[in-house]
Amino acid sequence: MNLNEEQLDSITNAGRLLIPPSLVAIDLEVDEMDFITEIRTPGTPVHKAYYSGYLEQLMETRVAIIKAARNGSNPALVEVLKLIQEVNLQLKYE
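These notes cover the structure that comes with them. The structure presented is a predicted model; accordingly, all values stated were derived computationally and were not measured.

**Considerations on the overall build of the chain**
Then comes step 1: Scanning the chain for helices and strands turns up five helices and zero strands.
Then comes step 2: Listing every helix and strand of the chain by position from the N terminus yields α-α-α-α-α.
Then comes step 3: A compact globule built from 94 residues would reach a C-alpha radius of gyration of about 12 Å, whereas the chain, at 17 Å, exceeds it by more than 25%.
Then comes step 4: Oriented by its inertia axes, the alpha-carbon framework of the chain measures out at about 45 × 30 × 20 Å.
Then comes step 5: Counting only residues that meet the buried cut, the chain has 26% of its 94 residues in that class.
Then comes step 6: Across the chain, the fraction of contacts at a sequence separation of at least 24, relative to all contacts at a separation of at least 6, is 47%.
Then comes step 7: About 6,900 Å² of surface is accessible on the chain, with carbon and sulfur atoms providing 55% of the total.
Then comes step 8: Taking the 8 positively charged and 14 negatively charged side chains of the chain as two groups, their mean positions are separated by 14 Å.

Listed below in structure tokens is the structure:
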């Protein structure tokens with residue numbers, strides 16, 4: 001898929017805003033299935049662009065959740081414990 005820098009920036013921003021890939025494809029006026037295949041293919045410019053924005057948002061959100069937990073929010077603390085368990089499962093440490 002040949003996209004210019006402006007389109008790739010738009011994809012990064014859409015990932016940051018958690019816009020579903022199918023809607024991004026519609027906005028860019030490209031074939032949805034081809035676009036989703038590109039997002040799912042590691043190493044493609046579309047994959048890198050979307051996940052760059054998505055991961056930025058994910059990190060910002062987790063920082064906010066951790067901050068809220070440190071400030072005494074019980075729902076945030078529950079969420080942090082879930083995140084810790086998720087990481088432990090992936091690292092296979094207990």
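Moving on from the coordinates now.
**A word on the side chain of His 47**
Then comes step 1: In this structure, His 47 sits in helix α4 (residues 45–70).
Then comes step 2: Overall, His 47 belongs to the buried group, its relative accessible area being 18%.
Then comes step 3: Not counting chain neighbours up to four residues away, the residues in contact with His 47 comprise Glu 38, Ile 39, Arg 40, Thr 41 and Pro 42.

**Side note on the nonpolar core**
Then comes step 1: Leu 3, Leu 8, Ile 11, Ala 14, Val 24, Ala 25, Leu 28, Phe 35, Ile 39, Val 46, Ala 49 and Tyr 50 together form the largest nonpolar core, which totals 12 residues.
Then comes step 2: Of all elements in the fold, only α1 (5–16), α2 (21–28), α3 (32–40) and α4 reach the threshold of two or more residues within this core.
Then comes step 3: Ignoring sequence-local partners within four residues, the contact set of Phe 35 consists of Met 1, Ile 11, Pro 21, Val 24, Ala 25, Leu 28, Val 30 and Val 46.

About the criteria used
- Residues numbered from 1 in each chain as written.
- Predicted model: local features only at pLDDT ≥ 70, side-chain atom pairs only at ≥ 80, totals over all residues.
- Heavy atoms only, no water.
- Helix = DSSP H or I, 4+ residues; strand = E, 2+ residues; numbered from the N terminus.
- Rg over C-alpha atoms; globule rule 2.2 N^0.38 Å.
- Buried < 20%, exposed > 50% of the residue type's maximum accessible area, 1.4 Å probe, protein only.
- Contact = heavy atoms within 4.5 Å.
- Areas by Shrake-Rupley, 256 points an atom, 1.4 Å probe, with all protein chains shown as cover.
- Lys, Arg positive; Asp, Glu negative; His and termini not counted.
- Charge placed at Lys NZ, Arg CZ, Asp CG, Glu CD.
- Core = buried A, V, L, I, M, F, W, Y, C linked by side-chain atoms within 4.5 Å.

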